[in-house]
Amino acid sequence: MTFPGSGDFARSCVSSITSGGHRIVLLTADGVPVEAAYEPGPPPGTGPRPPAVVLAHGFTGALDRPALRRAAAVFAQHTAVITFSFRGHGRSGGHSTVGDREVLDLAAAVGWARRLGHRRVATVGFSMGGSVALRHGGLYLPETGREHEGRTGAHADTVVAVSAPARWFYRGTAPMRRLHWAVTRPAGRVVARWALRTRVHSAEWDPVPVPPVGAVPLIAPRRVLIVHGDRDAYFPLDHPRMLVAAGDPACTELWVEPGFGHAEAAAPVPLLRRIARWVVGG
């Protein structure tokens, strides 16, 4: 899907202040307002400052949904955390493009983290957010000095994808067939809007964006962690294995988690803690 727009990269205006952090409305490179929140994490220690973590939720998630707030609380025990609602979700503007233009939403959040003074930023995405994190990692390349759409400072230093698809248009499971109905059919988009509180764009992708598996090789030499559950009802294990096979073996790691289902809603707290430690320790 192609959505031309205007606006300076990640222009922002603070909408509210909370104890220990604050909320903001970011404006993406194509002019979509995106709600975001910042939690500073624990007081800084004497060693190097750990990377801030930007959490990217799955389809139908949002900044204030309990699953994302639970994940943010776990990560905030280790480092600063930014959460946000993708376009078409929560109180953000626009319509969901189900993984295409959402890279601009993530870029705006990463750019905000750097403006807050964080020199290193990690992205952690779940399901659709995982595919966006991988595509964002492949599009925004710090080594070149120039980044996607000419923007600077919006690259991730570390990328984590949890429950992410490797390729587009997958319909091999019942949940994915239902999701495709909700995205591609007018009646499905009505259900998504009113029952799932997610506004989906009616246009087809044009052009079709590079799939996550095509983006993974471009992220090296930055570290990539792929996390997937063996009980994932949406994407079977050939998806994470395909992602890891496409990556640089020197910096790409796979965790297959026994008993884990799908995305942030199913992620147990011990797994979230392990991911946070992996990000902070790298």
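Only a predicted model underlies this, so the values are computations on that prediction, with no experimental measurement involved. (Residues numbered from 1 in each chain as written. Predicted model: local features only at pLDDT ≥ 70, side-chain atom pairs only at ≥ 80, totals over all residues. Heavy atoms only, no water.)

K.L.:
Tell me about the pattern of salt bridges, and please be specific about residues and values.
P.N.:
Per the stated rule, a full pass over the model turns up ten salt bridges. For the salt bridge of R167 with D238, the shortest nitrogen-to-oxygen distance reads 3.2 Å. Here R167, found in the loop between β7 (158-162) and α4 (174-184), pairs with D238, found in helix α7 (residues 238-246); they are 71 residues apart in sequence, far enough to count as distant. A single network of salt bridges, built from pairs that share partners, joins R23, E35, D64 and R91. (Salt bridge = Lys/Arg side-chain N within 4 Å of Asp/Glu carboxyl O. Helix = DSSP H or I, 4+ residues; strand = E, 2+ residues; numbered from the N terminus.)

K.L.:
Describe helix α5 (residues 186-194), with residues and values.
P.N.:
What α5 keeps buried is the set G188, R189 and A192. For α5, the angular spread of the buried residues around the axis is 100°, confining them to a single face. Every exposed residue of α5 that faces more than 90 degrees away from the buried side is listed here: P186 and W194. Buried residues in α5 make contact with α4. (Buried < 20%, exposed > 50% of the residue type's maximum accessible area, 1.4 Å probe, protein only. Arc of directions from axis to C-beta. Contact = heavy atoms within 4.5 Å.)

K.L.:
Talk me through the environment of G88; I want residue IDs and the actual numbers.
P.N.:
For G88, the location among the structural elements is in the loop between β5 (81-84) and α2 (102-115). G88 sits in the buried class, given a relative accessible area of 0%. With ten residues separating them in the primary sequence, G88 and V98 have C-alpha atoms 9.5 Å apart. In this structure G88 touches G93, G94, H95, S96, R197, T198 and R199, once residues within four positions along its chain are discounted.

K.L.:
Explain the pairing of β7 to me, and be specific about the residues and the numbers.
P.N.:
As a general feature of sheets, a regular strand has side chains that alternate between the two faces. Here β7 lies mainly inside the structure; five of its five residues are buried. On β7, burial covers both faces: T158, V160 and V162 on one face and V159 and A161 on the other are all buried. Across five bridges, the pairing between strand β6 (residues 121-126) and β7 is parallel. Counterpart to A122 in the pairing with β7 is T158. Judged from the five bridges that link them, β7 and strand β8 (residues 223-229) form a sheet pairing that is parallel. (Pairing = 2+ DSSP bridges.)

K.L.:
Could you give me a rundown of the nonpolar core, with the residues and numbers involved?
P.N.:
The nonpolar side chains of a soluble globular protein tend to be buried with one another. Within the largest apolar cluster, 46 residues are counted, with the highest numbers of intra-cluster contacts made by V54, F84, L134 and L243. The dominant element in this core, judged by the number of residues it contributes, is α2, at nine residues. Every residue in contact with L134, bar those within four places of it in the chain, is listed here: V159, A161, A164, P212, A215, V216, I219, V224, I226 and L243. The next biggest cluster of nonpolar side chains, apart from the first, holds 26 residues, and it includes V124, F126, V160 and A267. (Core = buried A, V, L, I, M, F, W, Y, C linked by side-chain atoms within 4.5 Å.)

K.L.:
Residues and numbers for the packing of helix α6 (residues 212-219) against α7, please.
P.N.:
At a closest axis distance of 8 Å, the pairing of α6 and α7 adopts a crossing angle of 35°. Taken as a pair, α6 and α7 cross one another with a handedness that is right-handed. On α7, the residues that touch P212, V213, V216 and P217 of α6 are M242, L243 and A246. Considering only residue class, the contact of α6 with α7 consists of seven nonpolar, no polar and no charged. (Axes fitted to C-alpha atoms, helices over the stretch in contact; angles between N-to-C directions. Left-handed = near helix turned anticlockwise from the far one by under 90°. Nonpolar A, V, L, I, M, F, W, Y, C, P; charged D, E, K, R; others polar.)

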